[in-house]
Amino acid sequence: MTDTERSLVIVKPDGYARGLTGEVLRRIEAKGYTLVALAVTTPTREQLAAHYAEHEGKPFYEPLVEFMSSGAVTTAVIEGQECIKGFRSLAGATNPTDAAPGSIRGDLGRDWGEKVQKNIVHGSDSPESAAREIGIWFPGL
Ligand code: IDP
């Protein structure tokens, strides 16, 4: 199929620490996407600087890098028809308070009153971002 895509998914440190990796993977598989790669790792600042380059200079950048390097995460590459848009729909709006019920962030996230939104998951936002991000987290894939 022409629109088969890959997306980079991260279960962020809040999601990992809360034991939500299985729940996130369950939703991905229930949706019908395939897991192509899966790992548990603690992100380095170098990986995060590359991953979040577009946000450098924004007020939430430093808290974001601090948060994302604070503990283990699960990284995954998923595959399926239009899975980039589809996973972002599964994830829900960036702010968990705004995220629709039924989405990962809407069902499982909330505002913790902190500088950075701890919103459980990351998903690539375009085919270009997905290719770049997969290269950062799964070089050689
Ligand atoms: P996305 O993860 O929904 O694609 P992005 O705009 O790419 O959202 O932002 C990356 C991450 O930075 C978000 O998931 C969230 O953790 C954090 N973030 C984004 N905007 C804000 C903000 O205004 N305040 C605090 N944290 C933010």
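Residue numbering note: each chain is counted from 1, following its sequence as written. A pLDDT threshold of at least 70 governs which residues receive local features in this predicted model, and a stricter bar of 80 or more applies before side-chain atom pairs are shown or counted, although totals over entire chains, interfaces and linings include all residues. To obtain the side-chain values, all non-hydrogen atoms of the structure were included, while hydrogens and water were left out.

### What about the UniProt feature "binding site: ATP" (unreviewed entry) in the chain?
Argument step 1. UniProt positions are given in the numbering used here, feature names are shortened, and annotations may be inferred rather than shown by experiment. Here the UniProt-annotated "binding site: ATP" (unreviewed entry) positions come out as Lys 12, Phe 60, Arg 88, Thr 94, Arg 105 and Asn 119. Cross-referencing the annotated residues with the lining of the largest pocket gives Lys 12, Phe 60, Arg 88, Thr 94, Arg 105 and Asn 119.
Argument step 2. By relative accessible area, Phe 60 is classed as partly exposed at 32%.
Argument step 3. The criterion used for residue contact is that any of the two residues' heavy atoms lie within 4.5 Å. Contact partners of Phe 60, with chain neighbours within four places excluded, come to His 55 and Lys 115.
Argument step 4. For Arg 105, the position within the fold is in helix H6 (residues 104-108).
Argument step 5. On the basis of relative accessibility, which here comes to 10%, the residue Arg 105 falls in the buried class.
Argument step 6. For Arg 105, the residues in contact, after removing those within four places along its chain, are Ala 91, Gly 92, Ala 93, Thr 94, Pro 96, Ala 99, Asn 119 and Val 121. Residues are said to line a cavity or pocket when one of their atoms sits within 4 Å of a point; the points come from a 1 Å grid over protein atoms alone, cavities being sets where a 1.4 Å probe fits but cannot get out and pockets being open sets with protein on both sides within 12 Å along at least five of seven lines. Burial classes follow relative accessibility: with a 1.4 Å probe on protein chains only, a residue under 20% of its type's maximum area counts as buried, one over 50% as exposed, and anything between as partly exposed. Elements are defined by DSSP. Helices are runs of H or I of four residues or more, strands are runs of E of two residues or more, and each kind is numbered from the N terminus.

### Side note on the side chain of Arg 27
Argument step 1. On the secondary structure map, Arg 27 appears in helix H2 (residues 21-31).
Argument step 2. Taking the relative accessible area as the measure of exposure, Arg 27 reaches 14% and is therefore buried.
Argument step 3. Setting aside anything within four residues of it in sequence, one finds Arg 27 in contact with Leu 90, Gly 102, Ser 103, Ile 104, Asp 107 and Leu 108.

### Description of the environment of Gly 86
Argument step 1. With respect to the helices and strands, the residue Gly 86 is situated in helix H5 (residues 83-91).
Argument step 2. Through-space distance from the C-alpha of Gly 86 to that of Lys 31 is 8.8 Å; in sequence the pair is 55 residues apart.

### Structural notes on the site of the ligand
Argument step 1. By nearness alone, every residue bordering the ligand is listed as Lys 12, Tyr 52, His 55, Phe 60, Leu 64, Arg 88, Thr 94, Arg 105, Lys 115, Val 116, Gln 117 and Asn 119.
Argument step 2. Any pair of nitrogen or oxygen atoms within 3.5 Å is treated as a polar contact; in protein, a donor-acceptor pairing is required on top of that, and neighbouring residues in sequence qualify only through side-chain atoms on both sides. Here Arg 105 contributes a side-chain N or O atom positioned 3.2 Å from an oxygen atom of the ligand.
Argument step 3. Within the backbone of Gln 117, a nitrogen or oxygen atom sits 2.8 Å from an oxygen atom of the ligand.
Argument step 4. Each accessible area is a Shrake-Rupley estimate made with a 1.4 Å probe; only the visible protein chains count as cover when residues are assessed. About the coverage of the ligand: the protein hides 79% of its 530 Å² of free accessible area.
Argument step 5. More than half of the atoms belonging to the ligand lie within 2 Å of the grid points that define the largest pocket. Throughout, near means a residue has at least one heavy atom within 4 Å of the molecule or strand. In this description, a molecule resides in a pocket or cavity if more than half of its atoms sit within 2 Å of the grid points defining it.

### A short note on the pattern of salt bridges
Argument step 1. By definition, a salt bridge exists where a carboxyl oxygen of Asp or Glu is found within 4 Å of a side-chain nitrogen of Lys or Arg. Inspection of the entire model under this criterion finds seven salt bridges.
Argument step 2. The partner of Asp 107 in a salt bridge is Arg 27, and the shortest N-O contact between them spans 3.1 Å. Taken as a pair, Asp 107 in helix H6 and Arg 27 in helix H2 lie far apart in primary sequence, 80 residues in all.
Argument step 3. Each of Glu 23, Arg 26, Arg 27 and Asp 107 takes part in a single network of salt bridges with overlapping partners.

### Things to note about H5
Argument step 1. What H5 keeps buried is the set Cys 83, Ile 84, Gly 86, Phe 87, Leu 90 and Ala 91. When H5 is viewed along its axis, its buried side chains cluster within an angular range of 165° and face the same direction. For H5, the exposed residues set more than 90 degrees away from the buried face come down to Lys 85 and Ser 89.
Argument step 2. Contacts from the buried residues of H5 go to strand S1 (4-11), H2, strand S3 (73-81), H6, strand S4 (121-123) and helix H7 (127-137).
Argument step 3. Positive backbone phi, at 90°, marks Gly 92, one or two positions downstream of H5. Directions are taken from the helix axis to each C-beta atom, and the arc is the one they span.

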